[in-house]
Amino acid sequence: MKYKIVAVGKLKEAYLREACAEYVKRLSRFGEVKVEEAEECLFNGVPSGAEIAKIIAAEGKEILRRAEGAIIALDVEGKTLSSPQIAESIDKLLLQSSVITVAIGGSYGLSDEVKNAAALRLSFGRITLPHQLCRVVALEQLYRAETIRKNIPYHK
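Residues numbered from 1 in each chain as written. Predicted model: local features only at pLDDT ≥ 70, side-chain atom pairs only at ≥ 80, totals over all residues. Heavy atoms only, no water.

What to know about the nonpolar core
Which entries qualify depends on this criterion: By nonpolar core is meant a set of buried Ala, Val, Leu, Ile, Met, Phe, Trp, Tyr and Cys residues that side-chain atoms within 4.5 Å join together. Partly exposed describes any residue whose relative accessible area lies between the buried limit of under 20% and the exposed limit of over 50%, with all areas from a 1.4 Å probe on protein chains only and scaled to the type maximum. Under the DSSP-based scheme used, a helix requires at least four consecutive residues in state H or I and a strand at least two consecutive residues in state E, with every element numbered from the N terminus. Should any heavy atoms of two residues lie within 4.5 Å, those residues are counted as being in contact.
One finds Leu-27, Ile-72, Leu-74, Ile-90, Val-102, Ile-104 and Leu-142 to be the most contacted residues of the largest nonpolar core, which totals 29 residues. Residue assignment for this core shows that the elements contributing at least two residues are β1 (2-8), α1 (14-27), β3 (70-80), α3 (83-96), β4 (99-104), β5 (120-123) and α5 (131-149). The greatest single-element share of this core, amounting to seven residues, is contributed by α5. In contact with Ile-72, not counting residues within four places along its chain, are Leu-93, Ile-100, Thr-101, Val-102, Ala-103, Leu-120 and Leu-122. With eleven residues, the next largest nonpolar core counts Val-8, Ala-38, Ala-103 and Leu-110 among its residues.

Structure follows, in structure tokens:
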């Protein structure tokens, strides 16, 4: 089994890099974990709606180029699931593929192409998370899901 995290942008703050590294380390006891950073499309000034659409499309193409297996798209409009439900969803996805890619968009979100390619569109609720912090939350939830799946004390 392999988890692949494809996230737009680099982690700038040391505390976020450390948190991600910790959850990658924990998660790696259950299988291979790979994190890939897709280049963030930057824009000087305030982009128009059309420019935002171009940014989302370009980032989406890069995410899909790097994606493997079943895709979980982190999307504010996706399903809001409990941690046990996420674990159950992962069980179902692993019947389709031994690789699960978690797609994390940039500041403007994910393209429709990424959303449509996803086996699961997952939301962490109606709150807005910076995409860098979203990566930490995603890794923690994957680790939590694995402990639930393997009946290891952590989830409570």
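Side note on the UniProt feature "binding site: S-adenosyl-L-methionine" (unreviewed entry) in the protein chain
Just so we agree on the cut-off: UniProt positions are given in the numbering used here, feature names are shortened, and annotations may be inferred rather than shown by experiment.
According to UniProt, the positions carrying the feature "binding site: S-adenosyl-L-methionine" (unreviewed entry) are Leu-74, Gly-105, Phe-124, Gly-125, Arg-126, Ile-127, Thr-128 and Leu-129. Following the sequence through the fold, Gly-125 ends up in the loop between β5 and α5. Non-local contacts of Gly-125, meaning those with residues more than four positions away in its chain, are made with Val-76 and Thr-80. Locating Arg-126 in the fold gives a position in the loop between β5 and α5.

Overview of the packing of aromatic side chains
Here is the rule: What counts as a ring pair is set by centres within 6.5 Å for rings of Phe, Tyr and Trp (its six-membered ring), and what kind of pair is set by the plane angle: stacked under 30 degrees, edge-to-face over 60, tilted for all other angles.
Summed over the entire model, instances satisfying the criterion amount to three aromatic pairs. Aromatic side chains Phe-30 and Tyr-143 sit 6.1 Å apart centroid to centroid with 45 degrees between the ring planes, which places their arrangement in the tilted category. Here the residue Phe-30 occupies a position in the loop between α1 and β2 (32-38), and Tyr-143 occupies one in helix α5, the gap between them amounting to 113 residues. With respect to burial, Phe-30 and Tyr-143 carry one shared label: buried. Seen in terms of ring centroids, Tyr-143 and Tyr-154 are 4.8 Å apart; in terms of plane orientation they differ by 70 degrees. Their pairing is edge-to-face. Residue Tyr-143 is found in helix α5, and its partner Tyr-154 is found in the segment after α5; the two are separated by eleven residues along the sequence. You can call Tyr-143 buried: its relative accessible area is 8%.

Some points on unusual backbone geometry
For residues that are not glycine, phi is negative in most cases, and the peptide bond is trans in most cases. Notably, Asn-151 is not glycine yet its phi reads approximately 55 degrees, a positive angle. You can see Asn-151 is positioned in the segment after α5.

Focus: the pattern of salt bridges
Filter applied, for reference: Salt bridge, as used here: a side-chain nitrogen of Lys or Arg that lies within 4 Å of a carboxyl oxygen of Asp or Glu.
Taken as a whole and judged by the stated rule, the model has 20 salt bridges. For Glu-36, the salt bridge is made with Arg-66, and the minimal N-O distance between the two is 3.0 Å. With Glu-36 in strand β2 and Arg-66 in helix α2 (residues 49-66), this residue pair connects regions lying 30 residues apart in the sequence. Grouping residues by exposure puts Glu-36 and Arg-66 together as buried. A salt bridge links Glu-37 to Arg-135; its shortest N-O distance comes to 2.9 Å. Here the residue Glu-37 occupies a position in strand β2, and Arg-135 occupies one in helix α5, the gap between them amounting to 98 residues. Overall, Glu-37 belongs to the partly exposed group, its relative accessible area being 29%.

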